[in-house]
Every structure is written in structure tokens, then in C-alpha cells.
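Structure assessment
Chain by chain, the residues:
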Amino acid sequence: MTNRLSEVIALCQTLSKEGKKPSVGLVRSRAGGKLSIPEAIKGIQSWQAQPDQTVEQLNPTEKTDEAPATLEARVASLEKQVLELTQRLTHLTYTNSIK
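Quick caveat, the model's predicted, so the values are computed rather than measured.

What about the nonpolar core?
Counting residues in hydrophobic clusters, the biggest one holds 14 residues, and the most contacted among them are Val8, Ile9, Cys12, Val27 and Leu35. For this core, the elements supplying multiple residues, two or more each, are α1 (3-17) and α3 (37-49). If you tally residues by element for this core, the top one is α1, at seven residues. Those residues in contact with Val8, other than ones at most four positions away along the chain, are Val27, Leu35, Glu39, Ala40, Gly43 and Ile44.

Quick look at the structure:
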């Protein structure tokens, strides 16, 4: 089962638990607009065939190996990026002023 299909099925299950009937528009709006109509239809059809199926959902921390585990690590990573970009900008500005 693809990640997208699992996501749509999970959305359908959530909507159903909220007492709402999953529709293409409702599923796409909950998916944040990043879901095509055919993907939404396929997921809804799969959910309708087996409403209680279990789907594997990725934890946000499992999506990328580069994601820092804590807020402090994230801030440190961003500060390092800002420092590197500032140094590159200074170098480019200095190089262009010499020409």
C-alpha cells in the first residue's frame, strides 16, 4: 500500500469517527490540498471496501533522518545554517566589491 493511499484511508477513518461521510472534497481539504482527485477517489474506495483496515502511518520523526530530536537541536542547526549563509553572503559581497 502506498503512503498516499494509507494517508487517505487514515483520513477517511478519522472523518468517519467524527461522524462525517468522507468525500473527495473533504478528504482533499484535510490533506492540505496536496492530494490529487484520483488519489482521493482511490483511497475512499479502498476505505469503503474495508472501513476497519489498519494502515501504517509514518511518525513525523521517521520521515527524515536529518530532523533533530529536540527543539534545542533544531535551533542549533538553524543557527549554524544562518552563520554559514551569512559568511557566504559576506564573501560574495566582498568578492563583488573588488571587481
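Remarks on the confidence of the model for the protein
The share of residues in the protein with pLDDT of 70 or more is 83%, and the mean pLDDT across the chain is 81. When pLDDT is averaged over each helix and strand of the protein, the minimum, 42, is found for helix α4 (residues 60-63) and the maximum, 91, for α3. For the stretch residues 58-65, pLDDT sits under 50, and the model shows two contacts to residues farther than four places along the chain or on other chains.

Some details on α3
Taking 1.5 Å of rise per residue, the 13 residues of α3 would be expected to cover 18 Å, and the 18 Å separating its terminal C-alpha atoms lies within 8% of that figure. Along α3, the residues classified as buried are Ala40, Gly43, Ile44 and Trp47. Here the buried residues of α3 occupy an arc of 100° about the axis, which is enough to place them on one side. In α3, the exposed positions angled more than 90 degrees off the buried face are occupied by Pro38, Lys42 and Ala49. Contacts from the buried residues of α3 go to α1 and α2 (24-30).

Quick look at the environment of Leu5
With respect to the secondary-structure elements, Leu5 resides in helix α1. A relative accessible area of 15% means that Leu5 is categorised as buried. Along the backbone, Leu5 and Gly43 are 38 residues apart, and their C-alpha atoms lie at a distance of 5.2 Å. Apart from the residues lying within four places of it in its own chain, the contact partners of Leu5 are Lys42, Gly43 and Ser46.

Here is what the cut-offs are and how they apply
Each chain carries its own residue numbering, running from 1 in the direction its sequence is written. Reporting in this predicted model follows two pLDDT cut-offs: at least 70 for local features of residues, and 80 or more for side-chain atom pairs to be given and counted; totals over whole chains, interfaces and linings ignore these cut-offs and use all residues. Side-chain figures throughout are based on the complete set of non-hydrogen atoms in the structure, without hydrogens or water. For our purposes a nonpolar core is just a set of buried Ala, Val, Leu, Ile, Met, Phe, Trp, Tyr and Cys residues, chained together by side-chain atoms within 4.5 Å. The buried label applies to any residue whose accessible area, calculated with a 1.4 Å probe on protein chains only, is under 20% of its type's maximum; exposed applies above 50%, and partly exposed to all values in between. Where helices and strands are cited, they refer to DSSP runs of H or I of at least four residues and of E of at least two residues respectively, numbered from the N terminus. Every residue pair with non-hydrogen atoms within 4.5 Å of one another is taken to be in contact. On a scale of 0 to 100, pLDDT captures the predictor's confidence in every residue. To estimate how far a helix should reach, multiply one less than its number of residues by 1.5 Å. In this description, one arc is meant: the one made by directions from the helix axis to the C-beta atoms.

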